[in-house]
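Descriptive analysis of the structure
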Amino acid sequence: MPSPTFRLYNTLTHETEPVEPIEEEHLRFYSCGPTVYMYAHIGNFRSFLTADLIRRTAEAIGWDVTNVSNITDVGHLTQDDLVDPGGEDKMQRALEREGERFANIYDLARHYTEAFLEDWGALNLREPEVRPRATEHVTDQLEAVIELVEKEHAYTTDQGVYFSVESVEDYGHLSGNTEAQQLQATERDVVEDPDKRDPRDFALWKHDPQHLMHWHSPWGWGYPGWHIECSVMGMQYLGDRFDLHTGGEDLIFPHHECEIAQNQSLAGHQVVNYWVHTRFLQVEGEKMSKSKGNFYIVRDLIAPGPDDDHVPDSVREQEGVDPLALRYALMQGQYRKPFNFTLDTLHTAARHVRRYQDAAERVDAALAADADGPDELGGRLGPIYDRTLEAMCDDLNTPAATAAALDGVKAIEQTDRLNGATARSARNWLDRTNALLGVVEPEHEADQRTDAGSENGLAPTHLSDSIDTLLEDREAARADGEYARADAIRDTLEALGIEVMDTPDGTEWERQEQVG
């Protein structure tokens, strides 16, 4: 059977379209990752799961995949923050909230990054080819801001650098916020700046030497705006034309709208062809809220601790649920529709996953015995897999896909005697279904997860290039007598685990040994 056409809903065109990669049979896409100021909740992971399923479906029809997914480890103001004279952001508030638990904001970011990667692995999510971190790309972001100013798409004030929305066409097209009056009402200033030319203009760089994370720039000490990092890292690793961009629906405006404006201003043309967004998740019919006791993070559900009073008794009594059951439960709603996560859904998912596991154990036992006999399952399981793949290619119709795949489990359960030939067909089906859906067996252990063979989320060669660039900046600062700037660059490198050594023969560096 030929591979079905892979179709996804494109937020940009408001239509479900065939995905046609720029490079034949090679899907290149960017996935917005977390801001690491707290544990990611299951609603966040529903969005990350969408990206994982796009990857698996593309691979199932024979495509190569290159995925980039960022870590936002730079504190910044977003449209959700209150106007604050000190320019406080979520990461800064998190550090104040958690008191003496962390020595500095870099330690906080590192802790929640590691926790995120553990949860990512527990949910059987495939690792992206590159997982860049914003702190490692500040120089790249600065270069992009300078270019936008030079191209007159941005301007400076005493408080920072702003992107001029008026300088681009079709701002608001992705979200549908195309009327200037509507945009002004939607995009609320987070910091008052009387020199902004238009209320819709957004920050590319904020001048604030008191911010806990700050870098030297042509406009003084400050930190990058929220939107510029994804434009920069997406194009750096995927080029100035790539196929697809994913994220939660809350990112459509302003984040992705601003990304599009920046991308097209930097590249001179449309950069991303397809925009895919995951709808919000509710819990038991209500918005997730700590005050309501329905705010769930992954580790609460799979390994509740003794002090996790908000974890439901039905989960605590079982000492947590299988992470694959949580993954399966999140797949019971199609990504493009709001999904109501319930404990009934979770426990039903656990029973279904247990059926997959029991079937796999039975199949493996039959493979070990390898008794003679005809293949009684190959002819039934092949069409079941085809139906599962067709559902996934139909805009990631996960409810239909998991229902189809469950027919395969039933077929194995209903086979009285699994001989060697039948077991081989069953194992082949289990492996193919697991590669597509990721709910049969874990593909790796969470405690063995790393940043895809990289250091700090980057390929080692690129990390070395980034460090060399920072060291060159430091040497230039020392030569110019800007010792505070040089010290700040050294602090940044040390926060990334890089030890800088000034020797008579020049500056050298090495990675610090991790303790614990």
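To keep things clear, this report deals only with the structure shown in the data block. Note that the structure is predicted; figures quoted are calculated from it, not measured. (Residues numbered from 1 in each chain as written. Predicted model: local features only at pLDDT ≥ 70, side-chain atom pairs only at ≥ 80, totals over all residues. Heavy atoms only, no water.)

With that settled, the discussion passes to the pattern of salt bridges. All chains considered together, the criterion is met by 28 salt bridges. Taking the shortest distance from any N to any O, the salt bridge between R279 and E249 comes out at 3.1 Å. A residue pair is termed long-range when its members are at least 10 positions apart, and R279 in the loop between β11 (272-278) and β12 (281-283) and E249 in the loop between β10 (242-248) and α7 (252-267) qualify at 30 residues. (Salt bridge = Lys/Arg side-chain N within 4 Å of Asp/Glu carboxyl O. Helix = DSSP H or I, 4+ residues; strand = E, 2+ residues; numbered from the N terminus.)

This paragraph deals with the sheet that holds strand β7 (residues 202-207). Strand order in the open sheet made by the 5 strands is β5-β6-β7-β9-β8, with antiparallel pairing throughout. Two strands lie at the open edges of the sheet, namely β5 (154-156) and β8 (215-217), each paired on one side alone. Taking the axes of each pair of neighbouring strands and ignoring which way they run, one obtains an average angle of 35° across the sheet. Here β5 runs beside strand β6 (residues 160-163); their pairing, made up of 3 bridges, is antiparallel. Bridge pairing in β6 links Y155 to Y162. Of the strands in this sheet, β5, β6, β7, β8 and β9 (220-224) touch helix α4 (residues 138-150), which is tilted by about 115° from β7. (Pairing = 2+ DSSP bridges. Axes fitted to C-alpha atoms, helices over the stretch in contact; angles between N-to-C directions. Contact = heavy atoms within 4.5 Å.)

Before going further, it helps to examine the packing of helix α10 (residues 323-330) against helix α11 (residues 343-369). Running from N to C, α10 and α11 cross one another at 120°; their axes reach a closest spacing of 8 Å. It follows that α10 is oblique to α11 by the angle criterion. Here α10 and α11 pass one another in a crossing that is right-handed. Residue-level contacts link L324, A325, L326, Y328 and A329 of α10 to T345, L346, A349, A350, H352, V353, Y356 and Q357 of α11. Residues that form the contact of α10 with α11 fall into these classes: 10 nonpolar, 3 polar and no charged. (Parallel < 35°, antiparallel > 145°, perpendicular 65-115°, else oblique. Left-handed = near helix turned anticlockwise from the far one by under 90°. Nonpolar A, V, L, I, M, F, W, Y, C, P; charged D, E, K, R; others polar.)

A few words now on the sheet that holds strand β13 (residues 286-287). The strand order β13-β12-β14 describes an open sheet built from 3 strands, whose pairing is mixed. In this open sheet, the two edge strands, each paired with only one partner strand, are β13 and β14 (339-341). By the bridge criterion, 3 bridges tie β12 to β14 in an arrangement that is parallel. Bridge assignment links L281 to a residue of β14, and that residue is F339. The sheet contacts of helix α1 (residues 42-60) involve β12 and β14, and relative to β12 the element is tilted by about 145°.

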